[in-house]
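Structural overview
What follows is each chain in one-letter form.
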Amino acid sequence: MSIPTPIKRISDFESLGFGMFIHFGLYSLLGKGEWVMYRENLDKTEYRKLAEKFSLEKFDAREWVRTAKRAGMKYIVLTSRHHEGFSLYDTKGLNDYDAPHSAYGKDIIREFVDACNEEGILPFFYHTTLDWD
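Report on the accompanying structure. (Residues numbered from 1 in each chain as written. Predicted model: local features only at pLDDT ≥ 70, side-chain atom pairs only at ≥ 80, totals over all residues. Heavy atoms only, no water.)

**Let's talk about the pattern of salt bridges**
On inspection of all chains with the given rule, the structure shows 11 salt bridges. A salt bridge links E40 to K32; the nearest nitrogen and oxygen atoms lie 3.6 Å apart. Accessibility expressed as a relative area gives 38% for E40, which makes it partly exposed. Between R66 and E119 there is a salt bridge; the shortest N-O distance is 3.9 Å. Pair noted here: R66 is in helix α4 (residues 61-70) and E119 is in helix α5 (residues 108-119), with a separation of 53 residues, a long-range link. One network of salt bridges, with partners in common, ties together E63, R66, K69, R70 and E119. (Salt bridge = Lys/Arg side-chain N within 4 Å of Asp/Glu carboxyl O. Buried < 20%, exposed > 50% of the residue type's maximum accessible area, 1.4 Å probe, protein only. Helix = DSSP H or I, 4+ residues; strand = E, 2+ residues; numbered from the N terminus.)

The values reported here are purely geometric and, on their own, carry no functional implication.
If you want it as structure tokens, here you go:
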């Protein structure tokens, strides 16, 4: 019996070793996890209003990345869009349910990638194909 071997892109990722996965989005405001909208059957219209409160006064992508680097991490995976449909990047007119159209008003993914590039950490993204919206 042969042992399966992963394709190159998978083995390349696995060889990176220690990294971080950050689930972050509107659901973070509720402090109940990324599945809160689904699990608690929250009204979509009311849930979307969280974007008006998504101001992120303490958000600092560079500090996230510096912390990962100090810990010896080689990569960070950030949720760019989760199942509730809110994107942390500029959707460029596809919709306005994104960070640049929230109270924060900026592209979080751009800030994250810039910080990763400055610190030599590889940025990766979790982007769902499932959409509850």
